[in-house]
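Read off the chains here:
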Amino acid sequence: MTDRVYPSAKPTSTTTNGTATTTTTPPPPKSHLYNPTRHPYRPQPRPHRRRSRRSCLCLCCFWSVLLLILLLLVAAIAACLLYVLYNPRRPSFSVAAIRVSQLNLSTSAADDTTHLTSTLNLTITSKNPNKKKLTYTYDQISITALSNGVIIATGSFPSFASDPKNTTALRSTLSTVGELVDAESVSSLRSDLKRKNGFPLEIVMDTKVVVKLEKVKSKKLGIRVTCDGIRGFVPPKGKASSPDSTSDAKCKVDLRIKIWKWTF
C-alpha cells in the first residue's frame, strides 16, 4: 500500500486597496484507511534462545566429562603412590596335605540310585607376603572338593586375620553322607577310582576378605581360591589311609565381583 502524496502548502497573494496580503492554506489531514489485504503484525520467536539452551547443555556435558577425567586421574595417581610406598601383594594359598579317609559309592537296588559317602582331611597354608602394614581379615571359608566336576565333599575353615609376613595353617575335615550322584557322574568317578596313579582332585574355596592398610579399611571383597593338580587315593578296606599327592598342586586366587545377580 502506497501513501498518498499531498501538495505542499503554498502561500496565496491577494491585493486589497492596493495592499498585497499573503495567506497560507494548511494541507488537508491524512486519512488512515483500512486495508483488508494487510496482515497484522505478529512478533516472531527469537531463534537464539534455542541456541542458548543447547550451548548450556554442551557446557554441562563438557564440564561433567572433564570432572570425571580429573577424578580418574587423581585415583590413578593415588594408586601409583600406594603401590610405590607399600608395594601391596595378594595373599597366597597352598595345599600342605590332604588325605582321603573314606570314599564309598553305594547303589540302591530298590530305585537303582547311587549315593556317595566320603571323608577327607585337608590342611591349607595361607600366607601374607606383604612386608608393611597390610592386613587381611577373612570371613568363614567354604570348601568344596571336586573330581572332574563331581562334588566329593564339603566343609569350611573358621574366620581369621593374616598379618604381614604371617603364615597360617588351616585344618578341616570335609565330608558328605548319602549324596545322590547321577548315573553319568557315577561311571566317570568309578573309572577314575580304578587308576593306579589316583583320581584327580580339585579344591575350591570361597570367602570374603577385608583389606586393612594402617587405619584405612576396605569393604568386603569376594575371592575364590582354586587348587588343582592333586591326586587322591582311596585306602583299601581294613588299612589306614595314605597321604595323597600334592607335589603338583597349584592354587590361584581370583577376585570375585558381584553385580546384582551375577558374579564375575
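Everything discussed here concerns the structure shown above.
A. Molecular detail of the side chain of Thr114. Note that Thr114 resides in strand β4 (residues 114-128). Given a relative accessible area of 9%, Thr114 falls into the buried group. Residue contacts for Thr114: discarding those within four places in its chain leaves Leu105, Ser106, Thr107, Glu179, Leu180, Val181, Val186 and Arg190.

B. Looking closely at unusual backbone geometry. Positive phi is not limited to glycine here, since Lys165 has a value of about 60°. Along the polypeptide, Lys165 turns up in the loop between β8 (160-162) and β9 (166-181). Judged by relative accessible area, Lys165 falls into the exposed class, the value being 63%. Despite not being glycine, Glu214 has its phi angle at roughly 55°, a positive value. As for its placement among the helices and strands, Glu214 is situated in the loop between β10 (199-213) and β11 (216-217).

C. Structural view of the environment of Ile98. Relative to the elements of secondary structure, Ile98 occurs in strand β3 (residues 92-107). The class of Ile98 is buried, set by a relative accessible area of 2%. Remark: the alpha-carbon pair of Ile98 and Asn121, spanning 23 residues in sequence, is separated by 5.6 Å.

D. Geometry of the pattern of salt bridges. The final tally for this structure, using the stated rule, is four salt bridges. The shortest N-O distance in the salt bridge between Lys252 and Asp254 comes to 3.9 Å. For Asp254, a relative accessible area of 30% gives the class partly exposed.

E. Representation of the state of the cysteines in the model. Enumeration over the complete set of coordinates arrives at one disulfide. Cys227 shares a disulfide with Cys251; S-S distance 2.0 Å. The sign of the S-S torsion, about 110°, decides the handedness of the disulfide formed by Cys227 and Cys251: right-handed. Here Cys227 is found in strand β12 (residues 221-232), whereas its partner Cys251 is found in strand β13 (residues 250-256), with 24 residues between them in sequence. In this structure Cys227 comes out as buried when scored by relative accessible area, which is 0%. When its relative accessible area of 24% is taken as the criterion, Cys251 is described as partly exposed.

What counts, and where the lines are drawn
- Residues numbered from 1 in each chain as written.
- Predicted model: local features only at pLDDT ≥ 70, side-chain atom pairs only at ≥ 80, totals over all residues.
- Heavy atoms only, no water.
- Helix = DSSP H or I, 4+ residues; strand = E, 2+ residues; numbered from the N terminus.
- Buried < 20%, exposed > 50% of the residue type's maximum accessible area, 1.4 Å probe, protein only.
- Contact = heavy atoms within 4.5 Å.
- Salt bridge = Lys/Arg side-chain N within 4 Å of Asp/Glu carboxyl O.
- Disulfide = S-S within 2.5 Å.

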